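This is what each chain is made of:
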Amino acid sequence: MIDHRGGLPATARYGTTPQSVVALIDAASGVERELVGAWLADGGITKEFGTDAPVTQLDLDAGAVTTRLVGRRDDPLVVPVRVLWLPPERNGVRRITFADLALMTNPRKPNRLAQRRLRAKSPERHVVLTGAPALLSELRANNPEASALLAKGTAEPFARAIVRAAVVALERAERTVIGDRYKVPRLVAEEILDSPDFLRRLELIADQIGASPHEVYRRAEKGLNELVAAQSRLVSDLFTQAMRPVHASTWKVDSDPSGLAALRDVNRRFPLVFLPSHRSYVDAFVLGDVLARNDFPPNHVIGGANLSFWPMGPIARRTGTVFIRRSFGDDEVYKAVVEEYFAYLLAKRFNLEWYMEGGRTRTGKLRPPRYGLLNYLAAAVRANRIDDVMLVPVSITYERLNELGAIVTEQAGGKKKPEGLTWMARYIRSQQHSAGHVYVRFGEPLSARDRLAAYGDPLTSPPLTIPLHQTEPIPSSRTEAGAVDSEPPEIAELERKAVQRLAFEVAVGINAVTPVTVNALATLALLGVHERALTLGEVRTVLAPVLGYIEKRDLPRGELDALRDEQSLAVVLEQLSLAKVVTVYRGGLEPVYSIEAGAHLEAAFYRNSAVHWFVNRAILELSILAAVESGDTDALNTGWDEAFRLRDLLKFEFFFPDRAEFAEQMVTEMLLVDPEWHSHNREDTLGSDILAKLTASGFMMAHRVLRSFIDAQLVVAERLAAREAGDEIDRKEFIAECVAVGKQMMLQQRLHSPESVSTELFTSALKLADNYGLLETAAQDAVSHRAESVDRRREFAERLRTIGIRIAQAAALDPSNRDAR
C-alpha cells in the first residue's frame, strides 16, 4: 500500500498537541473500512500528524456528524480519511481505458470482489488518503452562520458544512496523487442551496414576482440540477479517449508549450477563464485534449442547450459541460441561479471556458463578442466573491475545415440544420479526412480585476469621469442578500462600458496570437485576381512580397516556408483542390489554379482567419489614393481623415484601438512603405510619388482584404436608400432581401465576388447603418425629417460607391493584375 503523506505535525500547526482526533471515514464498502481500520491501527494518524491522541471513528455522513461531533465541548482534530483506488499504470500514466471496462468494473471504483483481489494481488493500486485536518473550533469559525444556528439548537447546517469541507479536503488530497486534470466539484447544488445569502436572494425574488418562497426555492433547485455539471473522472477519461480520434486523425495539433507552462504557474494562484475563437464544433475537444495532456484541471465548458441532445448531452455534462438556455428572458429565478453557479465555480477556483462570439464564425474572422457571461464574471469580481480571475485569450486556427460546406450554406441564406444524433453521426464521418494543422495559441492572461479597474468600473475603482454627487458610498450591484439593486444610470453605463472594453481586449488578444496559415495566404492570392487562373510561378510571385511583409512585422505564422518553393506550394494547392476550394486545369502547357466555381465563400473563410493582419495596410492604400485624388495642398490631412473614416466604417468588422494608437499603427505601416517618410516636407508626404512606392512594395491589399466588406455594406445601403424613411424594418426579412438582391448585383457584375453575398456581412452592415442612425423611422407628418433621412441613406450609399472605385484603383495598381494586362 502507498502511504499518503504531506500533513504537518499537529504541534507544528496548532502549537499544542490536540487532546483527541475524530477520523471522518468516507468508505463505500467493507474492504475500504478494513483498509482504513488497519491503517489507523498501524498508527497512521500518529505517523502523518505527529499526535498520539485517541482516535474516534465516524462515518462521513451528516447524520453521524450531527449526533456525535457538532455538539462536542472539547476541540478535537477532525481528519477526513478515504481509500483511493488507482487504474493500472500504462506507459507511466494511470488513466482508464475502454479495455478496463471489459472487466465490468470502474478501476477508480472497483466492486467489492475486485477490491479484495486488488488488496491481495496489487497493493500498489490503492492509497489511504487524509485530507487537510482542522480543529472543530476552526470549522465553527469558518462557518459563522451555521454555527449561529447551532447555538440556537439547529445542528444540521453545520454538520452539512463539515461534510462538504471534508469532501473538498479529500478531493484536493486525491489530486496530489492523480494530478490536477481530475479536479472535479462535489455537492455543488447542495452547497449553493445551503447558502444563506442565496436563500435571502430567493426570498427577495419571491417578493418581487409575487410567488411563494417555497415555489421559488423549488424552481431554483430545478434550475441548479439542470445547470450543474456532475463531472465524472471515469467518463472524462473515456470521453477524451473516444473523441480524440475525431480530431487527432484529421489534424496535427500544434500547441505552444511555453505558453502552457506560464499558464500553469498562473493557475496555481487564480482560476482561469479560457476564451477561445470559435471556428468548429471540435474546438472544445481540441483545447480540452491539449490541456489534459498538460495536466490542467478540466474546464467547465459553457455551452448552448441546443447541444444537450441525447446521448451527447448527458455525457458532456459528466465531463464538465454546463448547458445554459439560449434565452431566459425575464425569468429572475433562473438568472439568479446562473449568476450564483457562475460565481460559485469561480470562487472555488474551477477553470471555465466559453466562446464569446456566441457561435461559430461564418466568415473565418472573429465575430463581435457577446457580453452576457462576462457580466456575470464582472459581478462576481465587484461583489468580492473572488480575489481575481485571469482571462486567457485562445486562438484555435485550422488549416482546413471539413464542416465548411454547412457554414457557407448558412452564409448564403440557408437554414442551419438542427443538432441531433443523426447530425452528429454525419459530422463525425465528415472529419475522417486529413486537414493539415490546427494551431492552438494562448494569449497574455488578463487580470479581470485590474482591467475592470483600469476601465473605470465604479465598483472596482473610483469613477474616472462621471461625478456621482453622492454623500453615501457607491452602492454595490448586489445587496448583502445577493439581490440586484437599481443603480444610477451613470454607474450602470460605466459598468457596461468596462465589460465591453474587457471583451474587446480579449478579442485583440486572440487576434494577436492567431497565426497566418498557408491556406490563408494561398486563398488571399487567388481571391485577389478576378476570374483568372494563376500558374505556380505566378502564385509565388504574388506571395513573395507578402511573405516579406509578414517577416518584417514578425507576425505569428504557420509553416509558411511551404509557399516559397513550387513543389511545396503545389502540395498546398492540391490539398485545397481536394477540399473543392481550388480548381486545377492541367490540359495546357502547365497547371493553372483558380478558386473553384461556387467556392468563394469557403476560400474567403480561410483568408479571413488572417485578414486582420492586413487591414491597416489596406486602409493606408485607400487613404493615400484619397489624398492623391483630392489634389489638395493639405493632402496629409485628407489622408488622415480618410483613414479615420474607414476605421469607423469597418468598426463592426474588425477590432480597432483608440484613435491615438490607431494613428501610431498607421504611421508604422507608412514607414514600411517609405522608411524615409518622416524626413519629407509636409507638402510631399502624400504626393503622387507615394503611389510609386506602394507599387514598388510588390503588392496591394485593399482589394484583397476590404472589397467583400465594402460591397456587402453597399448592398445594405442601397436597399435602405430604396425604402421610404417611415417604413419599419424587419431585420430578418431585410437580410433575406439583401441576399436575393446581392445575387442579382453579382450577376450584373456590380459586386466583385460571391463572397460579398453573406448573411454575416449583411448583418454587420445593418448594425453599422443602425449605429449611423439610418434605421430611424421618421413620423409620417415630419416631411423634412423624412427627406433628411432619405438623403443621409443616399449619401451613405454614395460614399461606399466612392470607396469601391478606389478599391478598383488599388487592384489596378497591384503588380499581379498589371502583369496580366
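Relevant structure appears above.
Scoring rules and cut-offs
Residues numbered from 1 in each chain as written. Predicted model: local features only at pLDDT ≥ 70, side-chain atom pairs only at ≥ 80, totals over all residues. Heavy atoms only, no water. Helix = DSSP H or I, 4+ residues; strand = E, 2+ residues; numbered from the N terminus. Buried < 20%, exposed > 50% of the residue type's maximum accessible area, 1.4 Å probe, protein only. Contact = heavy atoms within 4.5 Å. Areas by Shrake-Rupley, 256 points an atom, 1.4 Å probe, with all protein chains shown as cover. Pairing = 2+ DSSP bridges. Axes fitted to C-alpha atoms, helices over the stretch in contact; angles between N-to-C directions. Core = buried A, V, L, I, M, F, W, Y, C linked by side-chain atoms within 4.5 Å. Polar contact = N/O pair within 3.5 Å; in protein donor to acceptor, adjacent residues only side chain to side chain. Phe/Tyr/Trp six-rings, centres within 6.5 Å; stacked < 30°, edge-to-face > 60°. Lys NZ or Arg CZ within 6 Å of the ring centre and 35° of its normal. Parallel < 35°, antiparallel > 145°, perpendicular 65-115°, else oblique. Left-handed = near helix turned anticlockwise from the far one by under 90°. Nonpolar A, V, L, I, M, F, W, Y, C, P; charged D, E, K, R; others polar.

A.B. asks: Please provide a residue-by-residue account of the overall build of the chain, values included.
C.D. replies: The helix and strand tally for the chain stands at 36 helices and 17 strands. Looking at the chain as a whole, 54% of its 821 residues are labelled buried. Residue pairs at least 24 apart in sequence account for 78% of intrachain contacts in the chain once pairs closer than 6 positions are excluded. For the chain, the accessible area works out to roughly 36000 Å², and carbon and sulfur atoms hold 52% of it.

A.B. asks: Account for the sheet that holds strand β17 (residues 592-595), naming residues and giving values.
C.D. replies: Either a parallel or an antiparallel arrangement is found when strands of a sheet pair, and the pairing is made through backbone hydrogen bonds. The sheet built from three strands is open, its strands ordered β15-β17-β16 with antiparallel pairing. For this open sheet the edge positions go to β15 (534-535) and β16 (582-585), each flanked by a neighbour on one side alone. Across four bridges, the pairing between β16 and β17 is antiparallel. For V584, the partnering residue across the bridge sits in β17 and is Y593. Packing against the sheet, helix α23 (residues 518-527) makes contact with β15, β16 and β17, and its axis sits at approximately 90° to β17.

A.B. asks: I'd like a description of the nonpolar core, backed by residues and values.
C.D. replies: One finds F442, L521, F614, I619 and L706 to be the most contacted residues of the largest nonpolar core, which totals 127 residues. Ignoring any residue separated from it by four or fewer positions in sequence, one finds F614 in contact with L521, L524, V546, Y549, I550, M701 and V705. If you look at the next biggest cluster of nonpolar residues, it comprises 58 residues, including L193, V322, V333 and Y455.

A.B. asks: So what's going on with the side chain of T517? Residues and values would help.
C.D. replies: Structurally, T517 can be placed in the loop between α22 (489-513) and α23. Here T517 falls in the buried class, since its relative accessible area comes to 1%. There is a polar contact of 3.2 Å between the side chain of T517 and the backbone nitrogen of A520.

A.B. asks: Give me the pairing of strand β5 (residues 126-130): which residues, what numbers.
C.D. replies: With five of five residues buried, β5 is to be regarded as a mostly interior element. Alternating positions in β5 separate into two faces, H126, V128 and T130 on one and V127 and L129 on the other, with burial throughout. With five bridges connecting them, strand β4 (residues 77-85) and β5 associate as antiparallel partners. Within β5, the position partnered with L84 by the bridge is V127.

A.B. asks: Give a detailed account of the environment of A627, specifying residues and quantitative values.
C.D. replies: Here A627 shows up in helix α27 (residues 615-630). In the structure, A627 is positioned 10 residues away from N637 in sequence and 8.1 Å away in space, judged by C-alpha atoms.

A.B. asks: Which residues make up the pairing of strand β12 (residues 390-398), and what values go with them?
C.D. replies: Among the nine residues of β12, nine are classified as buried, and the element is accordingly described as predominantly covered. Strand direction decides the pairing type here: β12 and strand β14 (residues 446-447), joined by two bridges, are antiparallel. Pairing of M390 across the sheet is with S447, part of β14. Sheet topology note: the β12/strand β13 (residues 437-442) ladder contains five bridges and is antiparallel. Bridge pairing in β13 links S395 to R441.

A.B. asks: For the environment of P88, give the residues involved together with the corresponding values.
C.D. replies: With respect to the element layout, P88 can be found in the loop between β4 and α5 (98-101). Each C-alpha atom, one on P88 and one on R125, is 7.0 Å from the other, the two residues being 37 residues apart in sequence.

A.B. asks: Tell me what's going on with the packing of aromatic side chains, and back it up with residues and numbers.
C.D. replies: The relative placement of two aromatic rings is captured by the distance of their centres and the angle of their planes. Applying the stated criterion across every chain, the model contains 14 aromatic pairs. With centroids separated by 6.3 Å and ring planes inclined at 75°, the aromatic side chains of F274 and F442 adopt a geometry described as edge-to-face. Of this pair, F274 sits in strand β8 (residues 272-276) while F442 sits in strand β13, and the two are 168 residues apart along the sequence. Given a relative accessible area of 0%, F274 falls into the buried group. With relative accessibility at 7%, the residue F442 sits in the buried group. On the numbers, 5.9 Å between centres and 25° between planes, the contact of W640 with F644 is stacked. One end of the pair is W640 and the other is F644, both in helix α28 (residues 635-649) and four residues apart, which spans about a single turn. Given a relative accessible area of 21%, W640 falls into the partly exposed group. Site record: aromatic cluster; members linked through ring pairs are W640, F644, F654, F656, F662 and F709. When the ring centre of F644 is taken as reference, the NZ or CZ atom of R659 above it lies at 3.8 Å.

A.B. asks: Tell me about the packing of helix α32 (residues 707-721) against helix α34 (residues 759-771), and please be specific about residues and values.
C.D. replies: Packed helix pairs are characterised by how far apart their axes lie and by the angle those axes make with each other. Direction vectors running N to C along α32 and α34 enclose 60°, while the axes themselves pass 9 Å from each other. With respect to α34, the axis of α32 lies oblique. Judged by the twist between their axes, the crossing of α32 over α34 is right-handed. Within the contact between the two elements, α32 uses S708, F709, A712, Q713, V715, V716 and L720 and α34 uses L761, F762, A765, L766, L768 and A769.

A.B. asks: Outline the packing of helix α2 (residues 30-41) against helix α6 (residues 112-121), supporting the account with residue identities and numerical values.
C.D. replies: Contact pair α2 / α6: the axes reach a minimum separation of 9 Å and the direction vectors enclose 35°. Between α2 and α6, the residues in contact are V31, E32, E34 and L35 and R112, Q115, R116 and R119, respectively. Grouping the amino acids of the contact of α2 with α6 by side-chain chemistry returns two nonpolar, one polar and five charged.

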